[in-house]
Amino acid sequence: MRNFHFTGNNQITLLQNGAEYFPELAAAIDRAHSEIHLETYIFEYDAIGRKIAEALMRAARRGVSVYLLLDGFGSQDLPREEIQRMLQNGIKVLIFRPEFLFSKPRRHRLRRMHRKLAVIDAQTAFIGGINIIDDQHNPENLTPRFDYAVAIQGPLLVQIHQAAKH
């Protein structure tokens, strides 16, 4: 376990649901100058997923180093063509434990990457429980998820940035 410590003088903004989170995330991606680390359990190919993917590709085309870590189970529905398009546009995509054999129940399959983390230029971070998925407009007409993320700026970014790079 890593030894984290309290740091003061941080600005932390609570973001409620995707309606507040996604515009902030997309704007931060569009402002990025050097690097973006985005980690998510679910990256759905819906209106929100396409919006975030396009922002990431724009950033990569302007020379920003973009690293995208996806969970192999949670993001298994992201079309391979879309992942290939991200790769062709300069995004470095890594899939944690890709799922190939769904019919074989094995205990190790339960080990997933469940983080929802974005670090932009080591200056702004977003941490919380919100995946890259449009909860408001889903084909199953499900009740939207109720979740939060926080936007963080300040000295705490040193620790968060280190966690994202490893």
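A short tour of the structure in this document, coming up. What you see is a predicted model; the values in this text were computed from it and never measured.

1. Focus on the overall build of the chain
Move 1: On a plain count of helices and strands, the chain comes out with four helices and seven strands.
Move 2: Sequence-ordered secondary structure for the chain, helices as α and strands as β, is β-α-β-α-β-α-β-β-β-β-α.
Move 3: Expressed as a percentage of its 166 residues, the buried residues of the chain come to 43%.
Move 4: Excluding contacts between residues fewer than 6 apart, the proportion of contacts in the chain whose partners are at least 24 apart in sequence is 77%.
Move 5: For the chain, the exposed area adds up to about 9,800 Å²; of that, 55% sits on carbon and sulfur atoms.

2. Looking at helix α2 (residues 47-61)
It helps to recall that an α-helix has 3.6 residues per turn; residues three or four apart then point in one direction.
Move 1: For α2, with 15 residues, the first-to-last C-alpha span of 21 Å sits near the 21 Å given by 1.5 Å per residue.
Move 2: For α2, every residue scored as buried is listed here: Ile-48, Gly-49, Ile-52, Ala-53, Ala-55, Leu-56, Met-57, Ala-59 and Ala-60.
Move 3: Considering only its buried residues, α2 is in contact with α1 (17-31), β2 (35-40), β3 (65-71), α3 (80-88) and β4 (91-96).
Move 4: Two to three positions downstream of the cap, the backbone nitrogen of Ile-48 sits 3.2 Å from a side-chain oxygen, assigning the N-cap of α2 to Asp-46.
Move 5: Remark: Gly-63 follows α2 within two positions and exhibits a positive phi of approximately 100°.

3. Observations regarding the pairing of β4
A regular strand places its side chains on the two faces of the sheet in alternate fashion.
Move 1: Relative to β4, β3 is paired through six bridges, and the arrangement is parallel. Bridge pairing in β4 links Asp-71 to Phe-96.
Move 2: Running through α3, the crossover from β3 to the neighbouring parallel element β4 is right-handed.

4. A word on the sheet that holds strand β7 (residues 148-153)
Move 1: With mixed pairing, the seven strands of this open sheet are ordered in space as β1-β7-β6-β5-β2-β3-β4. Each end of this open sheet is capped by a strand with a single partner; those strands are β1 (11-16) and β4. Within the sheet, the average angular offset between the axes of one strand and its neighbour, ignoring direction, is 15°.
Move 2: With four bridges joining them, strand β5 (residues 117-120) and strand β6 (residues 124-128) adopt antiparallel strand pairing. By the bridge assignment for β6, Val-119 is matched with Ala-125.

5. Some details on the environment of Ile-120
Move 1: Along the polypeptide, Ile-120 turns up in strand β5.
Move 2: Relative accessible area serves as the criterion here: at 4%, Ile-120 is assigned to the buried category.

6. Here we look at the packing of aromatic side chains
Move 1: Scanning all chains against the criterion turns up three aromatic pairs.
Move 2: An angle of 75° between the planes, with centres 5.8 Å apart, marks the rings of Tyr-21 and Phe-126 as edge-to-face. Of this pair, Tyr-21 sits in helix α1 while Phe-126 sits in strand β6, placing them 105 residues apart in sequence.
Move 3: Tyr-21 gets classed as buried once you look at its relative accessible area, which sits at 3%.
Move 4: On the basis of relative accessible area, Phe-126 is assigned to the buried category, the value being 2%.
Move 5: The rings of Tyr-21, Phe-22 and Phe-126 are connected pair by pair, giving a single aromatic cluster.
Move 6: Above the plane of the ring of Tyr-45 lies Arg-50, whose end atom (NZ or CZ) is 5.2 Å from the centre.
Move 7: A cation sits over an aromatic face here: Lys-92 above Tyr-67, 5.2 Å from the ring centre.

What counts, and at which threshold
Residues numbered from 1 in each chain as written. Predicted model: local features only at pLDDT ≥ 70, side-chain atom pairs only at ≥ 80, totals over all residues. Heavy atoms only, no water. Helix = DSSP H or I, 4+ residues; strand = E, 2+ residues; numbered from the N terminus. Buried < 20%, exposed > 50% of the residue type's maximum accessible area, 1.4 Å probe, protein only. Contact = heavy atoms within 4.5 Å. Areas by Shrake-Rupley, 256 points an atom, 1.4 Å probe, with all protein chains shown as cover. Expected span 1.5 Å × (residues − 1). Polar contact = N/O pair within 3.5 Å; in protein donor to acceptor, adjacent residues only side chain to side chain. Pairing = 2+ DSSP bridges. Right-handed = clockwise from strand over helix to strand, strands pointing away. Axes fitted to C-alpha atoms, helices over the stretch in contact; angles between N-to-C directions. Phe/Tyr/Trp six-rings, centres within 6.5 Å; stacked < 30°, edge-to-face > 60°. Lys NZ or Arg CZ within 6 Å of the ring centre and 35° of its normal.

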